[in-house]
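Notes for the structure review
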Amino acid sequence: AQTVTQSQPEMSVQEAETVTLSCTYDTSENNYYLFWYKQPPSRQMILVIRQEAYKQQNATENRFSVNFQKAAKSFSLKISDSQLGDTAMYFCAFMKGIQGAQKLVFGQGTRLTINP
Amino acid sequence: GAVVSQHPSWVICKSGTSVKIECRSLDFQATTMFWYRQFPKQSLMLMATSNEGSKATYEQGVEKDKFLINHASLTLSTLTVTSAHPEDSSFYICSAYPGTARTDTQYFGPGTRLTVL
């Protein structure tokens, strides 16, 4: 079975700073996807960024980028120039990369607060 | 595009009654929908996988007779909490899988907060 671990329950930074959220996972699969989801106070799950395991290049979406270390099974999220609107719960998630709908396995979450 | 709605967004019921929560994909057909449960300040836990036209697959430890799932059409899945008790109070979230070539994409509904008195 796959497991996802986020070791930072809470983090807090000042606006405009850079912050990195950690995530490790365990799997015997060779083909899979990794995701970071954001859940703001509205509780709507929002996809921040995705990474395909077979791609060596780290994914980037504007201010959000990941550091994907496949051998170490590590998948951290870096938020640059943090904004007040980035305040939310962030969940790291794993999904098998096989045909058809696959379930997401979530980490415990990291509560990120951006202070003005 | 790719919008998923849930209804109701918030429901309060008395202990012993049943509550139905709807999950709809508004602009795409969802061959599969997932139902998650989220306790306060905790992560999402998958309850079951709902496939159109077939029985749902429940995760270990989830009571299938208590949490009835029906996926009668390609745009609608329902979760019925039967004989609800206070411990069933939680936030329930669905996600829908469009079944296109993009196999990694699920779309989440806004969630339903259930409070059982």
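Rules used in this analysis
Residues numbered from 1 in each chain as written. Chains lettered and ligands numbered in written order. Predicted model: local features only at pLDDT ≥ 70, side-chain atom pairs only at ≥ 80, totals over all residues. Heavy atoms only, no water. Disulfide = S-S within 2.5 Å. Helix = DSSP H or I, 4+ residues; strand = E, 2+ residues; numbered from the N terminus. Buried < 20%, exposed > 50% of the residue type's maximum accessible area, 1.4 Å probe, protein only.

Counted under the stated rule, the structure contains 2 disulfides over all chains. Sulfur-sulfur distance for the disulfide between A:Cys23 and A:Cys92 comes to 2.0 Å. Measuring the twist about the S-S bond at about -70 degrees, one finds the A:Cys23-A:Cys92 disulfide to be left-handed. Here the residue A:Cys23 occupies a position in the loop between strand 3 (19-21) and strand 4 (24-26), and A:Cys92 occupies one in strand 10 (residues 88-96), the gap between them amounting to 69 residues. The exposure class assigned to A:Cys23 is buried, which follows from its relative accessible area of 1%. Through a disulfide, B:Cys23 is tied to B:Cys94; the S-S separation comes to 2.0 Å. One quick way to see it: the torsion about the S-S bond of B:Cys23 and B:Cys94 is about 80 degrees, and its sign makes the bridge right-handed. In this pair, B:Cys23 is assigned in strand 3 (residues 19-25) and B:Cys94 in strand 9 (residues 90-97), connecting sequence segments 71 residues apart. By the burial criterion, B:Cys23 is buried, and B:Cys94 matches it. In this structure B:Cys13 is a free cysteine whose sulfur lies 19 Å from that of B:Cys94, the closest cysteine sulfur available. Owing to a relative accessible area of 9%, B:Cys13 belongs among the buried residues under this scheme.

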